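Take a look at the letters that make up each chain.
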Amino acid sequence: MGSGQLVTVFGAYGHTGRFVVAELAARGFVPVLSGRNARTLEELADEHGLEARPASVDDPASLDRALAGTAAVINCAGPFASTVGPVIEAALRARIPYLDVAAELEANLDTFAHYRERAREAGAVIVPAMAFFGGLGDLLATAAMGDWTEADEAHIAYALSNWHPTAGTRLSGTVSRERRGAHRLRYSGGKWERRTDAAPLLEWTFPEPMGPRPVIGEFTMADVVTVPQHLSIPDVTTYMTAEAARDVTAPHTPAPTATDESGRSNQTFLVDVVIRSGGAERRATAGGQDIYAVTAPLVAEALERVLTGRTKTVGVVSAGEIFDAPDFLHALAPHITLDLVSV
């Protein structure tokens, strides 16, 4: 457990940031609250008896103060296109691990492209997308691969009972769309494609009792960035249930509403991963409640493993590359249900 170690949470007062702060405290860490809004930070700090260190990505010295004396930093502040670079730079200056919960494709691609060699040479640990989108799918794909050294296809299908987006999700989506313009991204044949046609409407057969559901095919999420970074799979595709895809893009869908004392919404999820190689198929499935809330144990478990040396490598790394994927997934109980099946 954390044993009182200080951990900076940048974007601590955001929807996901608050879940992360609570999870770190429950694990024995001492969160140091950081972000741009000093007043909101102070209110949150007073509520939990924690220290607030306001900082801005436009002020490197403030970021240095926010990270001073801490064991690591977790970046929960979107849009990540603006925050990832400055916070990673501050972590490198402080010589501490960096983790984030970014779901933005472009931000994650930038992290791997810009920091891979530099972080490896410095022996630094940078774990992007250590969240529901990115981290969980990557761990499931890695676990499903098992002893395979390569595969033909990876398919990651998301079934969400609803998707009420936070303000941060909406803002990050806007930034991503502005960067992509009229294009959407697909990973096929070992390379990224920029496409202008509409994503296909398909049907995905989820495990029972859910069964077949209409999905948006090529609904490209952060897993499509993380998986090919370390698994030899030339075609990686993600899918989203059509109803949830409509929810997140509709302008009047409300933000998530707490329905239990932990602040979780009533949203449920199922992530179904299928890996195919030749005529063989392997599957891994995880289910749970609230995609924002479950991000907290994902990134906190990753932090514990980084700080205790339960890692496989250094540099900019995907979850399945740096951690023992099956062991990590089993450690997430009771936050997720898990089924690993080879067919």
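Preceding this section is the structure that the text describes.
Residues numbered from 1 in each chain as written. Predicted model: local features only at pLDDT ≥ 70, side-chain atom pairs only at ≥ 80, totals over all residues. Heavy atoms only, no water.

A few points about the overall build of the protein
When you go through the protein residue by residue, the secondary structure sums to twelve helices and 16 strands. When its C-alpha atoms are laid out on the principal axes, the protein stretches across 55 × 45 × 40 Å. Relative to its full complement of 343 residues, the protein shows a buried share of 54%. Intrachain contacts of the protein at a sequence separation of at least 6 include 69% that bridge at least 24 residues. Surface accessibility of the protein: about 14100 Å² in total, with carbon and sulfur atoms responsible for 50%. (Helix = DSSP H or I, 4+ residues; strand = E, 2+ residues; numbered from the N terminus. Buried < 20%, exposed > 50% of the residue type's maximum accessible area, 1.4 Å probe, protein only. Contact = heavy atoms within 4.5 Å. Areas by Shrake-Rupley, 256 points an atom, 1.4 Å probe, with all protein chains shown as cover.)

Focus on helix α5 (residues 105-122)
Taking 1.5 Å as the rise per residue, α5 with 18 residues should run 26 Å; its terminal C-alpha atoms sit 25 Å apart, in good agreement. Bending of α5 peaks at approximately 55° at the position of Y115. Those residues of α5 lying buried are L105, E106, A107, N108, T111, F112, Y115, R116 and A119. One or two positions beyond α5, positive phi appears at G123, with a value near 70°. (Expected span 1.5 Å × (residues − 1). Bend = angle between axes of the 7 residues up to and from the residue.)

Side note on the packing of aromatic side chains
Taken as a whole and assessed by the stated rule, the structure comprises nine aromatic pairs. The interplanar angle of 65° and the centroid separation of 5.4 Å between the aromatic rings of Y187 and W192 together place this pair among those described as edge-to-face. Residue Y187 is classed as buried on the basis of its relative accessible area of 11%. (Phe/Tyr/Trp six-rings, centres within 6.5 Å; stacked < 30°, edge-to-face > 60°.)

Overview of the nonpolar core
Side chains that are nonpolar tend, in soluble globular proteins, to be buried together. The biggest cluster of nonpolar side chains holds 106 residues, and the ones touching the most others in it are M130, F132, W163 and I275. For I275, the contacting residues outside a window of four places in its chain are A141, A144, M145, W148, A151, E153, A154, I233, A280, E281 and R282. Listed in part, the eight residues of the second largest apolar core include A159, F206, L270 and V274. (Core = buried A, V, L, I, M, F, W, Y, C linked by side-chain atoms within 4.5 Å.)

A closer look at the pairing of strand β2 (residues 30-35)
Within β2, five of the six residues are buried, which leaves the element mostly enclosed by the surrounding structure. Both strand β1 (residues 6-10) and β2 contribute to a ladder of five bridges, which runs parallel. Bridging across to β2, V7 finds its partner in P31. As a crossover connection, the stretch from β1 through helix α1 (residues 15-26) into β2 is right-handed. Here β2 pairs with strand β3 (residues 51-54) via four bridges, running parallel. Of the residues in β3, the one forming a bridge with V32 is E51. (Pairing = 2+ DSSP bridges. Right-handed = clockwise from strand over helix to strand, strands pointing away.)

Focus: the pattern of salt bridges
The tally for this structure, following the rule as stated, stands at 23 salt bridges. A salt bridge links R118 to E89; its shortest N-O distance comes to 2.8 Å. Of this pair, R118 sits in helix α5 while E89 sits in helix α4 (residues 80-94), and the two are 29 residues apart along the sequence. Overall, R118 belongs to the partly exposed group, its relative accessible area being 41%. In this structure, the salt-bridge partner of R264 is D260, at a minimum N-O distance of 2.9 Å. Within this structure, E23, R27, E301, E304, R305 and D327 form a network of salt bridges that share partners. (Salt bridge = Lys/Arg side-chain N within 4 Å of Asp/Glu carboxyl O.)

Some points on the layout of surface pockets
Put simply, the second largest pocket is a space of about 320 Å³. Those elements giving two or more residues to the lining of the second largest pocket turn out to be α1 and α10 (291-307). Across the lining of the second largest pocket, the residue classes break down as eight nonpolar, three polar and two charged. (1 Å grid on protein atoms, 1.4 Å probe; cavity = no way out; pocket = protein on both sides within 12 Å on 5 of 7 lines; lining within 4 Å. Points joined across faces, edges and corners; volume = space filled by probe spheres on them. Nonpolar A, V, L, I, M, F, W, Y, C, P; charged D, E, K, R; others polar.)

Section: the sheet that holds β3
The strand order β3-β2-β1-β4-β5-β6-β15 describes an open sheet built from seven strands, whose pairing is parallel. Each edge of the open sheet carries a strand with a single partner, namely β3 and β15 (315-316). Note: strand β5 (residues 98-100) against strand β6 (residues 125-127), two bridges, orientation parallel. Of the residues in β6, the one forming a bridge with L99 is V127.

Considering the packing of α1 against α10
Between α1 and α10, whose axes approach to 8 Å, the crossing angle comes to 45°. In terms of orientation, α1 lies oblique with respect to α10. With respect to the hand of their crossing, α1 and α10 are arranged in right-handed fashion. Here H15, T16, F19, V20, E23 and L24 of α1 come into contact with α10, specifically with Y292, A293, T295, A296, P297, V299, A300 and L303. When its residues are assigned to classes, the contact of α1 with α10 shows ten nonpolar, three polar and one charged. (Axes fitted to C-alpha atoms, helices over the stretch in contact; angles between N-to-C directions. Parallel < 35°, antiparallel > 145°, perpendicular 65-115°, else oblique. Left-handed = near helix turned anticlockwise from the far one by under 90°.)

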